Amino acid sequence: MKHLSMVIVTYKRQELLKRLFGSILELESAPWRVVVVDNENSAETKAIVADFAEAADGRWGTSDADPDRLGGTSHVVYFPQTENIGGSGGFSRGVGKAYELGAEWFWVMDDDVTVLPGAIDALDKWSHRFQAIQGQRYDTDGGHFYWQYRFNTALAIYNPFSPAGWKEGEEYKECNALCFEGGCFSREVVKRIGLPDERFFIYLDDALYGYLASKVTTVALVPDYVVHREREVANQSIGSVRQLNSTSDMTRYYITRNRGYLARYFQLYGDFNPVGYGVGTLLNFAKELIRLLLVDRGHFSSSWARLWAGYKDSKKILHDPGWKPMPPLD
């Protein structure tokens, strides 16, 4: 894949970041650039990235004959932020930085995964057919990680009934979502739909980006495994494949608030259904209450307060006359 840039967002997880860097050094094909967005702006992280850059350039050599558009030749670019802008902000600015450098492909991920040695080659074989590719993931226990790759736009929720298995002869599954945990997309996609929306802070920004990408190209979930999840979280199994993971009260707020942003984008493309959206909001609350009862078992009153605060702010976003979508870059 020509000028493939990995975009990694990290925040206060140095040990996991080291593990990810170690796996990158085992890749069978070299990435053109690795852009590391540090939301902590930490001296410790800066030192870890410097050591990684030295090892990466030592293994693959600097790209003196193929510098980036700012004249850089190292495979690794450290991009610290002055404040914590969340995963959404990190991916937005990280993709923007890689775009500025001249990247043609963007392979995005958090700091709590590792990459598989043949991952770039696995993605490359699909890059001739698709402009947006989502590879498979191994869960922390080494088993398959199920991802709800279809988004129900009428309800504004993930479709929990997206088939997990593969039919005979099925080469790929068409998606209308992406996951910024190993998702890969081309420069052409970024030009046409713009950068990821950093206003989300965390949660649903990748689902939206896949939705927008699906409006301009085919988003393909492919059977090849490309990353391994490394951070264990408490969960409750639901059936033989699906599971409900633990989350924080901060995330609960964004789970409900960011539905307002989704709705605004759905309105642009004629996919907003006010009745369905209301039903989806109720289903979203029901899911979070089940999560509280079965998985988190925390302080119900404080968790409910964050859910309700997110809901109220989502209504403000939905009716904000000054709201505008992220602009395309072409």
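Keep in mind that this is a model prediction, so the values were computed, not measured.

Asks: So what's going on with the overall build of the protein? Residues and values would help.
Replies: For the protein, the count of helices and strands is 10 helices and 13 strands. Its C-alpha atoms give the protein a radius of gyration of 19 Å, near enough to 20 Å, the size a compact globule of 330 residues would have. With the C-alpha coordinates aligned to their principal axes, the bounding extent of the protein is approximately 55 × 50 × 40 Å. Scored against the burial criterion, the 330 residues of the protein give a buried share of 52%. Within the structure as shown, the protein displays about 14,500 Å² of accessible surface, and the carbon and sulfur contribution to it stands at 51%.

Asks: Describe the environment of Phe272, and please don't skip the residues or the numbers.
Replies: Tracing the backbone through its elements, the reader meets Phe272 in the loop between helix H8 (259–268) and helix H9 (274–296). For the pair Phe272 and Leu155, spaced 117 residues apart in the sequence, the C-alpha separation amounts to 8.6 Å. When sequence neighbours within four positions are dropped, the list of residues in contact with Phe272 reads Ala263, Phe266, Gln267, Tyr277 and Leu318.

Asks: Describe the pattern of salt bridges, and please don't skip the residues or the numbers.
Replies: Across all of its chains, the model carries 19 salt bridges by this definition. Put simply, Glu15 and Lys18 hold a salt bridge, and the shortest N to O gap is 3.3 Å. Of this pair, Glu15 and Lys18 both sit in helix H1 (residues 14–24), three residues apart, which is roughly one turn of that helix. Among the residues examined, Glu15 registers a relative accessible area of 54% and is labelled exposed. Among the residues examined, Lys18 registers a relative accessible area of 40% and is labelled partly exposed. Notably, a salt bridge pairs Asp224 with Lys125, separated by 2.9 Å at the nearest N-O pair.

Asks: Give a description of the nonpolar core that names residues and reports values.
Replies: Counting residues in each nonpolar core, the largest one holds 49 residues, and the members touching the most others are Val95, Phe106, Trp147, Phe185 and Val190. The element contributing the most residues to this core is helix H6 (residues 205–214), with six residues.

Asks: I'd like to hear about unusual backbone geometry, residue by residue, with values.
Replies: Although it is not a glycine, Lys12 sits at a positive phi angle of roughly 60°. Here Lys12 shows up in the loop between strand E1 (4–10) and H1. Here Phe201, not a glycine, exhibits a phi torsion of approximately 65°, which is positive. Within the secondary structure, Phe201 sits in the loop between helix H5 (187–193) and H6.

Asks: Describe H8, with residues and values.
Replies: In terms of burial, H8 is a largely internal element, eight of the 10 residues being buried. Residues of H8 that are buried: Arg259, Gly260, Tyr261, Leu262, Ala263, Arg264, Tyr265 and Phe266. Once H8 ends, the next one or two residues include Gly270, with phi positive near 75°.

Asks: Report on the side chain of Gln134, specifying residues and quantitative values.
Replies: Note on placement: Gln134 falls in strand E6 (residues 132–138). For Gln134, the contacting residues outside a window of four places in its chain are Trp147, Leu178, Cys179, Glu181, Gly182, Gly183, Ala220, Leu221 and Val222.

Asks: Tell me what's going on with the packing of H6 against H8, and back it up with residues and numbers.
Replies: Contact pair H6 / H8: the axes reach a minimum separation of 11 Å and the direction vectors enclose 5°. By the angle between their axes, H6 is roughly parallel relative to H8. Of the residues in H8, those touching H6 at Leu208, Tyr211 and Leu212 are Leu262, Tyr265 and Phe266. Its residues assigned to classes, the contact of H6 with H8 shows six nonpolar, no polar and no charged.

Asks: Could you give an account of the environment of Arg229, naming the residues involved and the relevant values?
Replies: Examined against the element boundaries, Arg229 turns out to sit in strand E11 (residues 219–229). Linking Arg229 and Ile202, residues 27 residues apart in sequence, is a C-alpha distance of 18 Å. Setting aside anything within four residues of it in sequence, one finds Arg229 in contact with Asp112, Val113, Tyr138, Asp139, Thr140, Phe145 and Glu181. Here Asp139 takes part through its side chain, which lies 3.3 Å from a polar atom of the side chain of Arg229. Only 3.0 Å separates the side chain of Arg229 from the side chain of Glu181, close enough to count as a polar contact.

Asks: Residues and numbers for a nonpolar patch on the surface, please.
Replies: On the surface, a nonpolar cluster with roughly 260 Å² of combined accessible area is contributed by Val275, Val279 and Leu283. Turning to its location among the elements, Leu283 is positioned in helix H9. For Leu283, a relative accessible area of 43% puts it in the partly exposed group.

Cut-offs applied
- Numbers given for residues are sequential positions, taken from 1 along each chain in its written order.
- At least 70 in pLDDT is required for a residue's local features to be given in this predicted model, at least 80 for side-chain atom pairs to be given and counted, and no such filter applies to totals for whole chains, interfaces and linings, which use all residues.
- Here the side-chain values reflect all heavy atoms present in the structure, with hydrogen atoms and water set aside.
- Strands are runs of DSSP state E lasting at least 2 residues, helices are runs of H or I lasting at least 4, and numbering of each runs from the N terminus.
- The globule rule used for comparison is 2.2 Å times the number of residues to the exponent 0.38, while the radius of gyration itself is calculated over C-alpha atoms.
- The buried label applies to any residue whose accessible area, calculated with a 1.4 Å probe on protein chains only, is under 20% of its type's maximum; exposed applies above 50%, and partly exposed to all values in between.
- Note on areas: Shrake-Rupley, 1.4 Å probe, and residue coverage restricted to the protein chains presented here.
- Whether two residues touch is decided by their heavy atoms; if any such pair falls within 4.5 Å, the residues are in contact.
- Just to be clear on terms, a salt bridge is a Lys or Arg side-chain nitrogen sitting within 4 Å of an Asp or Glu carboxyl oxygen.
- What we call a nonpolar core is a set of buried Ala, Val, Leu, Ile, Met, Phe, Trp, Tyr and Cys residues that are connected through their side-chain atoms within 4.5 Å.
- Under this scheme, a helix contributes an axis fitted over its contacting stretch, all axes are lines through C-alpha atoms, and angles between N-to-C directions fall in the 0 to 180 degree range.
- An angle counts as roughly parallel when it lies under 35 degrees, as roughly antiparallel when it exceeds 145, as roughly perpendicular when it falls between 65 and 115, and as oblique in every other case.
- Charged means Asp, Glu, Lys or Arg here, nonpolar means Ala, Val, Leu, Ile, Met, Phe, Trp, Tyr, Cys or Pro, and polar covers whatever is left, Gly included.
- By the criterion applied in these results, polar contacts are pairs of N or O atoms within 3.5 Å in which, for protein atoms, one can donate a hydrogen and the other can accept it, and in which residues neighboring in sequence qualify only through two side-chain atoms.
- Within this analysis, patches are made of residues with over 30% relative accessible area and no salt bridge. Like charges are joined at 9 Å or less; nonpolar side chains (Val, Leu, Ile, Met, Phe, Trp, Tyr) at 5 Å or less.

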